[in-house]
Amino acid sequence: MHDSHQPRDAEGQPRPQVRPGRTSAPGPAQALPSVVAPRGSADHGTERTAPPAGGGAVGRLTSTVDRLRRELTRAQAQADGRALVELAKGILVERLGVSPAEAGRQLDTLADQSTLSVLELAADLVNQSSHDRIADVAREFMASAGEPSVGVRLRSAETGMLGASDVQAVAQSVLEHALRPLGAQAVAIWAANSDQSLTLAGSAGFSDEEALRWRHVPPGVPVPARRALTERAPAAYESLTAAGLPSIGQREFGGGRLAVPAGAGGRITGVLEVCWSGRMPARSQSLQRQFEALAELCATALESRPATGSGDGDVDPQTTDLLELIHDLQDPCLVMRPDLDPAGRATDYLIRHVNPSFEDFAGRPRSAIVGARLLEAYPLAAEPGGLFEKIEYVLATGESFRSPAMNLSALVDGVPLTTRASVSVSRFGTSAVVIWRTEDGAARVASLLQHAQRLGRIGGFEENLHTGEIAWNDTLFDLHGLPSNAEPIPLEHLPAHAHPDDEHTIGRFLRTLLHHQRPASTAFRLQRADGIARHIRVVAEPVLGADARITAVRGAYQDVSAQHWTEVALAATRDQLAHTEQQAAERNRLALQLQHAIMPPSRGPLDLHDLQVAVRYRPAEKDHLVGGDWYDALALPTGQVLLCVGDVAGHGIEAATGMVALRNALRGLAATGAGPGQLLGWLNTVTHHLTDNVTATTICALYDPRTRALRWARAGHLPPILLRDGRATELPTVAGILLGAIDQADYEEGEIQLKAGDTLMLYTDGLIERRDRSLEESLDDLLTTAGNSDGLTELERRLDHLLRYSSSDTDDDTCLIGITVC
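Residues numbered from 1 in each chain as written. Predicted model: local features only at pLDDT ≥ 70, side-chain atom pairs only at ≥ 80, totals over all residues. Heavy atoms only, no water.

(A) Spotlight on the packing of helix H20 (residues 775-788) against helix H21 (residues 795-805). Orientation of H20 relative to H21, taken along the N-to-C sense of each, is 140°, at an axis distance of 9 Å. Here H20 is positioned oblique relative to H21, judged by the angle of their axes. Taken as a pair, H20 and H21 cross one another with a handedness that is right-handed. In contact with Leu782, Thr785, Ala786 and Asn788 of H20, H21 contributes His801, Leu802 and Tyr805. Class assignment for the residues of the contact of H20 with H21 results in four nonpolar, three polar and no charged. (Axes fitted to C-alpha atoms, helices over the stretch in contact; angles between N-to-C directions. Helix = DSSP H or I, 4+ residues; strand = E, 2+ residues; numbered from the N terminus. Parallel < 35°, antiparallel > 145°, perpendicular 65-115°, else oblique. Left-handed = near helix turned anticlockwise from the far one by under 90°. Contact = heavy atoms within 4.5 Å. Nonpolar A, V, L, I, M, F, W, Y, C, P; charged D, E, K, R; others polar.)

Okay, structure coming up:
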C-alpha cells in the first residue's frame, strides 16, 4: 500500500523518497546550477556563477511545494462538500433559531437518525429549501429510484461552480461531480458568439492538443453543438463515429454524444457537450432533466465569468494570434501568466499553454505541465537568479531576456536534474513567453531512462558510507516487496535478506566493492518479507573522495526472475531434446541395421531356374527416413519362383519392423501353393489384425519355369514394366486395394507369357516420385528411360542405368528388382 499523501510525479507515480536520517548528500552531479544575475542589475542579460545553494535550502523548497500540493489537493476535494454542508447549517440556523455550532450538531444527529451521510442530508435540506431546477430533478429522481446521490452530485457541481475561478474550473467540477458517475469521460462548454461561431470556453477530459485544436469553430461547421443551438433542443447521438460528425474528441471518444443548449430566461448563451467512449446511458425524462440542470449551471458560468478556453488561454484575438505564432515554433515554448495575491504581487506564474514542440527536459508529459504553476513544475526556478526572477523582471520592465546558456533544473524521482539551454523570455500583453532549447537532449534521455527502468525492472540506489544515508527509487521498494515508507536496506544487511546458499556469493561481492574498491556485480535469490523469492542481479561501484577513499556506493538492482526461469526451462528443454535425439538416433540405427540385414543395398545376380534376378536398393538420403521398402525372390517347394516387392507406409523402426513382418508372412503363405491373388488376400488379413496400424503396397508374382507363365497380383502398387524387343511397356493393371486398409479384400490376378530375353522390372515409388509433376508423367519418363537401356546386355547395368537417370526428388528409399528370362 502506498501512502496516500506520498508526493507523486506528473504521471501520478510516487516519487523515490529519501528516508529520514538516510538522505543522500548532494554529490557533484547534483550541484546547483550557475544562475543569472538577479533582476535590477545592470548586466541582467549576462551570466555569472553564484555559489550553489545548500542541500537544505533545496530540500526545504521541495518539501514546501510537495506539502502545499497535497494540502491543495485535499482542500479542493473537500471544498465542494464543505460548502454544501455550510449551506445546510445556515438553513437550520434560520429555521430553528440556533447557533451555527448547535446547527452542526443537529445536522450530525439527523444524519445518524436517517442513516444518511452528512453530505447527502445536507443536499436533501438544500433541495427542500430551494425551488430551482436542481431541487426538482433531485426530488423527482429520488421519488422514482430512491437514490439520494443525484442531489449530492448536482449540488456539489453547483458549489464547485460557485467556487470556480473560470469556466475551465466549472467544466472540471461538472465532469467530476455530476457526469463521471453517469459514465461520461469528457465534457466541453461552448460559448455561442454573435457571428454564429462557437468558442471552447471550458473543457475537461481532453488532451491539451485536442482542446487547442478545437478552441474555435467557425460558422457553418455541422458539429453536435451547432445542431443543439439551431434546434434549441438537446441533440443526442448513440455513436458520434457512426453519425460522421466532426467534434472535439471524436477519435478518442467516438461513442455516445449529447449536446444540451445552455441558457436562462429564454436566452441561449452556449452548449454543454457530454462525451462517452462507449454507449451513453438510456435516455429518460429524469436523466434529461439532470442534463438540463447542469446546462443551466454552465449558462450561469458563461454569463458571470469571462471564458478562459480549455486551459489554453482566453479566446480574445490577441491570445489567438499568440497561440498561432508559437504553434509553428520548432523550439519548446511556454506561455505563463502571473498568479497575483490580493496586493497585486506575483506569487507564482501559471503555465497556460505549451506548443506542440514542447518537450519537458525531465521527461514528463505536456499534460503534467500545462495548468501547473512554475514553482510546482520547476521548484528550483525559485533559486536566486533563476527563471522565476527573469520572468518577473521581463513582465515588470517589458525588456526581453536572452541567455545563450542558462541552467534549468527540475526534480526527477526526488533528485535535481539539471540541463543547460539557451533561454529567451519576452512579454506579450500580460503574458510571459518562454522559449528554451536544450543543449544535451536531457528531456529525451530522462524519458528514455524512466521507461527503461520500468520495463527492465531496475531500481537504483546510493548509500553514503559515512552518514549511513540511503536513497532508493520506488522501483527498488517494489523489487524488495516493501512499502514506499519502509526503511531502505543497507548493503551490509543484504546477506540477511538473501537465500542462505547465496551468503558466500554476496560476501565476495561486498569484499570486491568495499575492500578492494572495485566495481562488482552478482546474482542472488532475494527472500522478501512477503515470502516471495525473486532472482536479483545487483551491480554497484564505489564513489571515491578526494583522498581516494571510498565515501559512498551507488548501483542498481534488477529483477531477473523471468530470465532465470526462462533459462531453466530452456536448459530442461535442451536436456529433453538431447535425450529425444539420442533415442531417435538409436532407433534409426537399429532400423537401418535390421533393413540391411534382410535387404543388402546391392545384391549380385541370382539364378533361379531359367531366371536371372538382380536387386538394387537405394536408402533414403537422411538417416531418420529409414523406410519400409522390401523385396523377395525365392524358389518355392512347388517348383515355382516367388517374386515380390513392397513398400510399408512411414519411416523409422515401425516401418522396418512392419516390413520384416510382411516379408516373412508372405514367405510362409507362399509355401501353401496358393495363387498370388489368394496370397495377397491372406496377407491383407495379417496386416490388418496382426500389425499396429500398418498399411503397405505390394506386388506378388509367381513364375512357372516349365511354361514360362507369370501370374501376378497387386495391392495398390505400381505395375511392373516389361522390356521386350527394345520396348518398355507396363503390364495391364489389375484391381487390388492396399494392404491393411480393410479387414477382407479380394485381389485380381493377371497372367503373361514370358519368352527368352524378356526383362521384368519391379520397383517402389521412390524411383519415380516428384513434387512438381503427376504420377502419370513420371511413369512416362520411366518407360522412356527403361527403353533407352535396352542396348545394355547386362541386367545389373540396366538397373544402375535406371537408378542413375531416375527423376525422383522426394528423398524416399527405392527398391528395384530386375528379372531376365534366359
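That was the structure; now back to the text.
(B) Fine view of the sheet that holds strand S4 (residues 235-237). Spatially, six strands are ordered S3-S2-S1-S6-S5-S4 in an open sheet, and the strand pairing comes out antiparallel. Two strands lie at the open edges of the sheet, namely strand S3 (216-217) and S4, each paired on one side alone. Strand direction decides the pairing type here: strand S2 (residues 198-204) and S3, joined by two bridges, are antiparallel. Its bridge partner being in S3, Thr199 is matched across the sheet by His216. In the packing of helix H6 (residues 167-179) onto the sheet, the strands contacted are strand S1 (186-192), S2 and strand S6 (267-275), and the crossing angle to S2 comes to about 50°. On the sheet, helix H8 (residues 224-231) packs against S1, S2, S3, S4, strand S5 (257-264) and S6 and is oriented at approximately 145° with respect to S6. (Pairing = 2+ DSSP bridges.)

(C) How the structure looks around the nonpolar core. Counting residues in each nonpolar core, the largest one holds 31 residues, and the members touching the most others are Tyr378, Leu387, Ile391, Val423 and Trp436. Elements supplying a minimum of two residues to this core: strand S7 (333-340), strand S8 (346-354), helix H12 (374-377), helix H13 (387-397), strand S9 (401-412), strand S10 (415-428) and strand S11 (431-438). Looking at this core element by element, the count peaks at five residues for H13. The residues contacting Ile391, other than those within four sequence positions of it, are Met336, Tyr349, Leu374, Val425, Ala432 and Val434. Leu175, Leu179, Cys298 and Leu302 belong to the second-largest nonpolar core, a separate cluster that totals 30 residues. (Core = buried A, V, L, I, M, F, W, Y, C linked by side-chain atoms within 4.5 Å. Buried < 20%, exposed > 50% of the residue type's maximum accessible area, 1.4 Å probe, protein only.)

(D) Main features of the pattern of salt bridges. Enumeration over the complete set of coordinates arrives at 22 salt bridges. Between Arg180 and Glu176 there is a salt bridge whose closest N-O contact spans 3.0 Å. Notably, a salt bridge pairs Glu541 with Arg554, separated by 2.9 Å at the nearest N-O pair. Of this pair, Glu541 sits in strand S15 (residues 533-544) while Arg554 sits in strand S16 (residues 550-559); the two residues are 13 residues apart in sequence, bridging distant segments of the chain. A relative accessible area of 38% means that Arg554 is categorised as partly exposed. Residues joined in a network through salt bridges with shared partners are Arg616, Glu796 and Asp800. (Salt bridge = Lys/Arg side-chain N within 4 Å of Asp/Glu carboxyl O.)

(E) Highlighting the sheet that holds strand S25 (residues 750-753). One open sheet accounts for five strands, arranged S19-S20-S21-S22-S25; its pairing is antiparallel. Two strands lie at the open edges of the sheet, namely strand S19 (627-635) and S25, each paired on one side alone. The average angle at which neighbouring strand axes cross in this sheet is 15°, direction not considered. Bridge analysis of S19 against strand S20 (residues 641-651) gives nine bridges, and the strand direction is antiparallel.

(F) Geometry of the packing of aromatic side chains. Taken as a whole and assessed by the stated rule, the structure comprises nine aromatic pairs. With a centroid separation of 6.0 Å and an interplanar angle of 45°, the aromatic rings of Phe358 and Trp436 are classed as tilted. Taken together, the positions of Phe358 in the loop between S8 and H12 and Trp436 in strand S11 put the pair 78 residues apart, joining distant regions of the chain. As far as burial versus exposure is concerned, Phe358 and Trp436 are alike and both buried. (Phe/Tyr/Trp six-rings, centres within 6.5 Å; stacked < 30°, edge-to-face > 60°.)

(G) Just H20, in detail. In a regular helix each residue adds 1.5 Å, so 14 residues correspond to 20 Å; H20 covers 20 Å between its end C-alpha atoms and thus fits that length. Looking at the packing, one finds that the buried side of H20 touches strand S23 (721-724), strand S24 (727-730), strand S26 (759-763) and H21. (Expected span 1.5 Å × (residues − 1).)

(H) Up close: the environment of Trp712. Within the secondary structure, Trp712 is located in strand S22 (residues 709-715). Here Trp712 falls in the buried class, since its relative accessible area comes to 2%. Counting along the chain gives 12 residues from Trp712 to Cys700, while the straight-line C-alpha distance between them is 5.7 Å. Residues in contact with Trp712, not counting those within four places in the same chain, are Pro676, Cys700, Ala701, Pro720, Leu731, Pro732, Val734, Glu748, Glu749, Gly750 and Glu751.

(I) Representation of the side chain of Ser561 within the structure. Along the chain, Ser561 turns up in helix H17 (residues 561-598). Judged by relative accessible area, Ser561 falls into the buried class, the value being 3%. For Ser561, the side chain forms a polar contact with the main-chain nitrogen of His535, separated by 2.8 Å. Engagement of the side chain of Ser561 in a polar contact is seen with the side chain of Asp559, the distance being 2.7 Å. Ignoring sequence-local partners within four residues, the contact set of Ser561 consists of Arg534 and His535. (Polar contact = N/O pair within 3.5 Å; in protein donor to acceptor, adjacent residues only side chain to side chain.)

(J) Focus on unusual backbone geometry. We note that Arg232 has phi near 50°; this positive angle belongs to a residue other than glycine. Along the chain, the position of Arg232 falls in the loop between H8 and S4. Phi is positive for Gln517, close to 55°, though the residue is something other than glycine. Structurally, Gln517 is set in the loop between helix H16 (503-515) and strand S14 (520-527). Taking the relative accessible area as the measure of exposure, Gln517 reaches 29% and is therefore partly exposed.

(K) Quick look at the pairing of S20. Judged by how many residues are buried, S20 sits mostly within the fold: eight of 11 residues are covered. Between S19 and S20, which follow one another and run antiparallel, lie five residues, and Gly639 among them has a positive phi close to 95°. By the bridge criterion, eight bridges tie S20 to strand S21 (residues 696-704) in an arrangement that is antiparallel. Across the sheet, the residue bridging to Val645 is Ile699, located in S21.

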